[in-house]
Amino acid sequence: MSSFKDLFDTYNWDDTLASIFSKTEHDVLRALSNTKRDLEDFKALISPAAKPYLEQMAQLSRKLTKKRFGNTIQMYSPMYLSNECQNICTYCGFSMTNKIPRRTLTDAEILKEVAYIKSKGYEHILLVTGEANKIVGVDYINDALKLIRSKFSNITIEVQPLLQDEYEVLIENGLYAVLVYQETYHREEYKKHHPKGKKSNFDFRLDTPDRLGKAGIHKIGLGALFGLEDWRADSFFTALHLKYLQKTYWKTKYSISFPRLRPHSGGLEPKVEMTDPDLVQLICAFRLLDEDVELSMSTRESEVFRNNIVNLGITSISAESKTNPGGYAVAPESLEQFEISDERPTEDITAMLKSQGLDVVWKDWANNWQD
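Remember, predicted model here, so these are calculated numbers, not experimental data.

Tell me about the state of the cysteines, and name the residues and values.
Counting across every chain of the model gives 0 disulfides. Counting only cysteine sulfurs, Cys89 is the nearest neighbor of Cys85, a cysteine outside any disulfide, at a range of 5.7 Å. In this structure Cys85 comes out as buried when scored by relative accessible area, which is 12%.

If you want it as C-alpha cells, here you go:
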C-alpha cells in the first residue's frame, strides 16, 4: 500500500456513519471491557449508544492517561507568522476572499514576538501561517526556523502541505513536528469549503502525513475541524488515519487535536453541532483506543470546558494564544484567524493546572541547537 489514500478509498462515508449509529449497548460494554481496543470498539465508543456510559469512559480515560503520562501536562504557545493566504476556505478568517489587512512578520518582528513568548516560560512553540507559497513558502519557514531554533527546545509548524524533500530540509534545520488537519474527510463537503487554491486538492492534503513519515519527522499531528460534517464519521477516519500511520511509520510519535468551528471574520455556522458532552466522549474514546497518543486542547474552548477536561485524557494545552500575526507584541490589533474562547493569561492557566494536581511541563525534548 503506497499511501493512506489507498486504504481510505476502500471506505464509504455513508456506510461508515451507518455502522457507527448501528452500534448497540452490547457493543459499548464489550469495548469498555476490552483491554486492547480496535476501530470497531472506537465506533462503539463514539456512537450514541455510548452516551449513558460517558462517566465510565471518563474515569477509564483518566486512569489510562495517568498510567501512561503521569500527572503531567505540556504547555505550548502558537505564534502566527503571516495571514497571507491564496486559498478560499469558508471557515477561516484568513481566506483570500476576506478583505483584511495582510501582514507577514519580519525577522525583527519574529524575535520581538519570541521574546514575549519566552518571557512566559514557553519552550514548545507552534509556528502558524496562511497558505501562500510565494510569500511564506519553504524558504520563509526555513529562515524562521534558523532564526529561533536555539531559543526553543521544540518547534512545530502548521502551514501548507509540503513535499517530502521540503520537509527533509526543515527537519535538518530544527523542525520537530507538523500539524496537518484534513479539516473533513468527506470528499464532497471538502470541495464545498475549499473551492479555490492549492488546498482544494483533497488527495494532496490527505497524503501529507505519508510524506512526513517518509521524511522522518519526529511527530505528526492529526485532526478534523468539527462542524463541517458529522463529527463521528470524521473522527473515525481520523482514527483510521492514525492507526495506518502508526503501523507504517512506527518510529514517529502522533498527536490528535479537537478543533471546533469558531467565529471569525466572514462567519460560517456549523453544519453539524458538536456539543460539550460529544467532545468529552470523543476525547475519552481516543484515549481508550490508544494509550500512547498525545491529545491536545487549544484555547478555542471555554475556560469551564478546559478546566474540566484537563484531567480526563488531555496531555498538552495552549494558553494566552493569539491567532493574528504579531498578536503578542508587534501588532495586537491585527485581524485574528478565529476568536479564541479561553483568554486567561499563562499564569492563570498554570495555577489552574497545579490546583488540579497536575505538573506543568515546559520542556520534554530538545534538539540542542548551538547557533
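Pulling in residues and values, what's your account of the packing of helix H5 (residues 54-69) against helix H13 (residues 276-289)?
Their axes nearest at 9 Å, the elements H5 and H13 cross at an angle of 45°. Taken as axis vectors, H5 and H13 run oblique relative to one another. Regarding H5 and H13, the two cross each other, and that crossing is left-handed. Only Pro277, Val280, Gln281, Cys284, Ala285, Arg287 and Leu288 of H13 make contact with H5, whose side of the interface consists of Leu54, Met57, Ala58, Leu60, Ser61, Leu64, Thr65 and Phe69.

Any details on the pairing of strand S6 (residues 253-257)? Residues and values, ideally.
In summary, the side chains of a regular strand alternate between the two faces of the sheet. Along S6, 4 of the 5 residues are buried, which leaves the element largely enclosed by surrounding structure. Two strands pair when backbone bridges link them, and strand S5 (residues 219-222) and S6 are joined in this way by 4 bridges, in the parallel orientation. Looking at the pairing, Lys219 lines up with Lys253 of S6. This β-α-β element, S5 to helix H12 (residues 231-248) to S6, shows right-handed connectivity.

I'd like a rundown of the side chain of His194, residues and numbers included.
If you trace the backbone, His194 turns up in the loop between helix H9 (187-193) and helix H10 (202-206). Residue class for His194 comes out buried when judged on its relative accessible area of 2%. In this structure the side chain of His194 is engaged in a polar contact, spanning 2.8 Å, whose partner is the backbone oxygen of Tyr190. Apart from the residues lying within four places of it in its own chain, the contact partners of His194 are Ile88, Cys89, Tyr91, Glu183, Lys199 and Ser200.

I'd love a proper account of the environment of Glu113, names of residues and values included.
By the element assignment, Glu113 lies in helix H6 (residues 107-119). The class of Glu113 is buried, set by a relative accessible area of 1%. The spatial distance from the C-alpha of Glu113 to the C-alpha of Leu81 is 9.5 Å, given a sequence separation of 32 residues. Residues in contact with Glu113, not counting those within four places in the same chain, are Met79, Leu105, Gly326, Gly327, Tyr328, Ala329 and Val330.

How would you summarise the environment of Leu358 if you had to cite specific residues and measurements?
Residue position: Leu358 is located in the loop between helix H15 (346-355) and strand S9 (359-361). Looking at Leu358, the relative accessible area reads 4%, which means it is buried. Between the alpha carbons of Leu358 and Ile73 there is a distance of 6.6 Å; along the sequence they are 285 residues apart. Not counting the four nearest positions on each side in its chain, Leu358 is found in contact with Lys66, Asn71, Ile73, Val310, Asn311 and Leu353.

Any chance you could break down helix H11 (residues 208-215) for me, citing the residues and the numbers?
Of all the 8 residues making up H11, 7 are buried; the element is thus mostly covered by neighbouring parts of the structure. Buried within H11 are the following residues: Thr208, Pro209, Asp210, Arg211, Leu212, Gly213 and Ala215. Buried residues along H11 sit against helix H1 (4-8), helix H8 (164-172), strand S4 (177-179), H10, S5 and H12.

The rules behind each value
- Residues numbered from 1 in each chain as written.
- Predicted model: local features only at pLDDT ≥ 70, side-chain atom pairs only at ≥ 80, totals over all residues.
- Heavy atoms only, no water.
- Disulfide = S-S within 2.5 Å.
- Buried < 20%, exposed > 50% of the residue type's maximum accessible area, 1.4 Å probe, protein only.
- Axes fitted to C-alpha atoms, helices over the stretch in contact; angles between N-to-C directions.
- Helix = DSSP H or I, 4+ residues; strand = E, 2+ residues; numbered from the N terminus.
- Parallel < 35°, antiparallel > 145°, perpendicular 65-115°, else oblique.
- Left-handed = near helix turned anticlockwise from the far one by under 90°.
- Contact = heavy atoms within 4.5 Å.
- Pairing = 2+ DSSP bridges.
- Right-handed = clockwise from strand over helix to strand, strands pointing away.
- Polar contact = N/O pair within 3.5 Å; in protein donor to acceptor, adjacent residues only side chain to side chain.

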